[in-house]
Amino acid sequence: MAKFSTVFVCQLCGWKTNKWVGRCSGCDEWDSMTEEKCEPRLTHILPEYDIESPVCLSDIKLVSKLRTHTYVEEFDRILGGGIVAGSAVLIGGTPGIGKSTLLLQVCQKFSEQDYLSLYVTGEESTAQIKLRADRLGVTSNNIFLVAENNINVILEHIKKVNPKLIIIDSVQAMFKPELESSPGTVSQVRQCANELIQLSKKTESSIFLVGHVTKEGTIAGPKVLEHLVDTVLYFEGEKFMSFRILRAVKNRFGPTNEIGIFEMCKNGLREVQDPSAIFLSRTHNLSSGSVIISCIEGTRAMLVEVQALVTSSSFGMPGRKVSGVDHNRVTMILAVLEKRAGLLLGGHDVFVNVVGGVKVDEPAADLAIAIAIASSFKDIAIPSNTIIIGELGLGGEVRGVSQFDSRIKEAARLGFENVIIPKDNTKESSRILSLTMTEVSSLAEAIDKIC
Ligand code: TYD
Ligand code: MG
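Values in this document were obtained by computation on a predicted structure and should not be read as measured data.

1. Regarding the nonpolar core
One broad rule of soluble globular proteins: the nonpolar side chains tend to lie buried together. Core analysis: the biggest nonpolar cluster contains 47 residues, and Val304, Leu337, Val352, Leu367, Ile369, Ile371 and Ile373 have the highest contact counts within it. Elements with a minimum of two residues in this core: β12 (243-251), β13 (259-265), β15 (290-297), β16 (300-312), α8 (327-340), β18 (348-354), α9 (366-378) and α11 (443-450). Looking at this core element by element, the count peaks at eight residues for α9. In terms of domain composition, this core takes at least three residues from each of domain 2 (65-273) and domain 3 (278-450). Residues in contact with Leu367, not counting those within four places in the same chain, are Ile388, Ile389, Gly390, Leu392, Val398, Ile420, Val440, Leu443 and Ala446.

In structure tokens, the structure reads:
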């Protein structure tokens, strides 16, 4: 009878030890160790290996059609132009954000091209999936469903159905009975994912693994899960907003940091191809504190509205509340405004918000945030046909930004007329006749010119 021993495994990096420790020596995180039971390896039973001889690089034949388009343009784009045969994609996101919905829609797109898909659900019943499918109008005969958690059985199903697309919803719900630890533990998740990926590579079918996220927003389970797969996608968005952003954080077959924007409608996710038009409301004139910025998300420019509200503080400690931008960045901008532009904000509460639930985390938005705060502080509105671009230095200087041309082209496309730009970017800018460009080299100069 094999004796089980106990090991402690880090949930974040997979580091193991046989003594409990409060802090992981692998990644230095506190409180990340969990207890797992493991069976000693039976060394007298020799494993059977499938020995494949090395082949010459030039002799390797690629499958005739390497990528399959889903014809959901936003989805194809973040994957680098369609789903690669034999690739493994991990898709994470908070519960209810739309992972299962999106993947069922992708199955439908595959089935329309006469490809088989196998949807393995570990959390919902097949009847629940059917209800969702009816709602989405997914009615194909090429989609197979199975509610199963045992990985050995799932592997058999995959071999039998031989689908082109496999969906595992979710990888944390699967378990391998030979392992003693319970589903969702590091060793279970790693082992199940590994076996599924190996099989999908062998059969050249693409596999999507749904991954739960922790409170901090990272995929639960070992970091190695992200190393095992070819692509990692994260679904972002506020639950109460209908917009969802799918972001590629790792992609072996395409660009990273590319985003796809979707809207959750009553019959599923609908792609949004012109995000600027959605995030900007052009029906009203901007009030003081509102500024439009041109930011880069992945490879494309997008216009979003940043709002600031400055009010006198009723309590001793002034409050700073931000949403959609980095809190530390706003604190720095406030310090620069006070020191370099003479705006005394110490006795005021400052609120900064990005409209539409979008997150803007690039330095090119600094000047716009600063101007929004100054505009609210002085109660002078910025003309609604103006875009502001520029990074702020601690000395109050306005620095040039990357991908300048894409930013101003997007502004011109949406009919804006004035752009406030950093002096550093003047040389590289191509002339756009419909735009009047105002160069600035410091924050004080920008405030002087526009509010
Ligand atoms: P779901 O795909 O089940 O989320 P996840 O798999 O990430 O947990 O999405 C569930 C949410 O989406 C739920 O709040 C209802 C909403 N929804 C719609 O608004 N329209 C639809 O057509 C569908 C299927 C779901
Ligand atoms: Mg789900």
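2. Observations concerning the packing of α8 against α9
A packed helix pair is summarised by two numbers, namely the angle formed by the two axes and the spacing between the axes. Here α8 crosses α9 at 60°, and the two axes come no closer than 10 Å. On the basis of their axis angle, the class for α8 and α9 is oblique. Crossing handedness for the pair α8 and α9: right-handed. Contacts between α8 and α9 pair Arg329, Val330, Met332, Ile333, Leu334 and Leu337 from the former with Asp366, Ile369, Ala370, Ile373 and Ala374 from the latter.

3. Brief notes about the site of ligand 1
Close to ligand 1 lie 16 residues, the nearest being Gly96, Ser100, Thr101, Arg132 and Gly268. Residue Ile97 places a main-chain N or O atom 3.4 Å away from an oxygen atom belonging to ligand 1. At a separation of 3.3 Å, a nitrogen atom of ligand 1 approaches a polar side-chain atom of Arg135. The protein chains hide 76% of the 560 Å² of surface that ligand 1 would expose on its own. Of all elements in the fold, only α2 (99-112), α3 (126-136) and β13 reach the threshold of two or more residues within the shell around ligand 1. Residues of the shell around ligand 1, tallied by class, amount to five nonpolar, seven polar and four charged.

4. Here's the deal with the domain arrangement of the protein
Along its sequence, the protein is carved into domain 1 (5-38), domain 2 (65-273) and domain 3 (278-450). Each of domain 1 and domain 2 has a C-alpha centre, and the two are 28 Å apart. On the side of domain 2, nine residues touch domain 1, which itself brings nine residues to the contact. For the pair domain 1 and domain 2, the summed buried surface comes to about 700 Å²; carbon and sulfur atoms form 48% of the total. Ranking the residues of domain 1 by area buried against domain 2 places Gln11, Glu36 and Lys37 at the top, with a combined share of 57%. Summed over the shared surface of domain 1 and domain 2, the number is zero salt bridges. Linking domain 1 with domain 2 are zero residue pairs in polar contact (both at pLDDT 80 or more), by the criterion used here. Where the side of domain 1 that touches domain 2 is concerned, the elements lending two or more residues are β1 (5-10) and β3 (33-38).

5. Quick notes on the pairing of strand β10 (residues 206-211)
Most of β10 sits inside the fold, with six of its six residues counted as buried. Residues Ser206, Phe208 and Val210 line one face of β10 and the alternating positions Ile207, Leu209 and Gly211 line the opposite face, and both faces are buried. As paired strands, strand β6 (residues 88-92) and β10 are joined by five bridges and run parallel to one another. What sits directly across from Ile91, in β10, is Val210. As judged from the four bridges shared by strand β9 (residues 165-169) and β10, these two strands associate in the parallel manner. Bridged to Leu165 within β10 is Ser206. For the crossover from β9 across helix α5 (residues 186-203) to β10, the handedness is right-handed.

6. Side note on the sheet that holds strand β14 (residues 268-271)
Here we have nine strands laid out as an open sheet, ordered β8-β7-β9-β10-β6-β11-β12-β13-β14, and mixed in their pairing. Each edge of the open sheet is held by one strand with a lone partner, namely β8 (143-147) and β14. Taking each pair of neighbouring strands and ignoring which way they run, the sheet shows an average axis angle of 25°. Judged from the five bridges that link them, strand β7 (residues 117-121) and β9 form a sheet pairing that is parallel. Bridging across to β9, Ser117 finds its partner in Leu165. In this fold α2 packs onto β6, β7, β8, β9, β10, β11 (231-236), β12, β13 and β14, with an angle of close to 165° to the strand it touches most, β9. Docked against the sheet, α3 engages β7, β8 and β14, running at close to 145° with respect to β8.

Calculation rules
- Residues numbered from 1 in each chain as written.
- Chains lettered and ligands numbered in written order.
- Predicted model: local features only at pLDDT ≥ 70, side-chain atom pairs only at ≥ 80, totals over all residues.
- Heavy atoms only, no water.
- Core = buried A, V, L, I, M, F, W, Y, C linked by side-chain atoms within 4.5 Å.
- Buried < 20%, exposed > 50% of the residue type's maximum accessible area, 1.4 Å probe, protein only.
- Helix = DSSP H or I, 4+ residues; strand = E, 2+ residues; numbered from the N terminus.
- Domains from an automatic or database assignment.
- Contact = heavy atoms within 4.5 Å.
- Axes fitted to C-alpha atoms, helices over the stretch in contact; angles between N-to-C directions.
- Parallel < 35°, antiparallel > 145°, perpendicular 65-115°, else oblique.
- Left-handed = near helix turned anticlockwise from the far one by under 90°.
- Near = heavy atom within 4 Å.
- Polar contact = N/O pair within 3.5 Å; in protein donor to acceptor, adjacent residues only side chain to side chain.
- Areas by Shrake-Rupley, 256 points an atom, 1.4 Å probe, with all protein chains shown as cover.
- Nonpolar A, V, L, I, M, F, W, Y, C, P; charged D, E, K, R; others polar.
- Buried area = accessible area lost by both parts, 1.4 Å probe.
- Salt bridge = Lys/Arg side-chain N within 4 Å of Asp/Glu carboxyl O.
- Pairing = 2+ DSSP bridges.
- Right-handed = clockwise from strand over helix to strand, strands pointing away.

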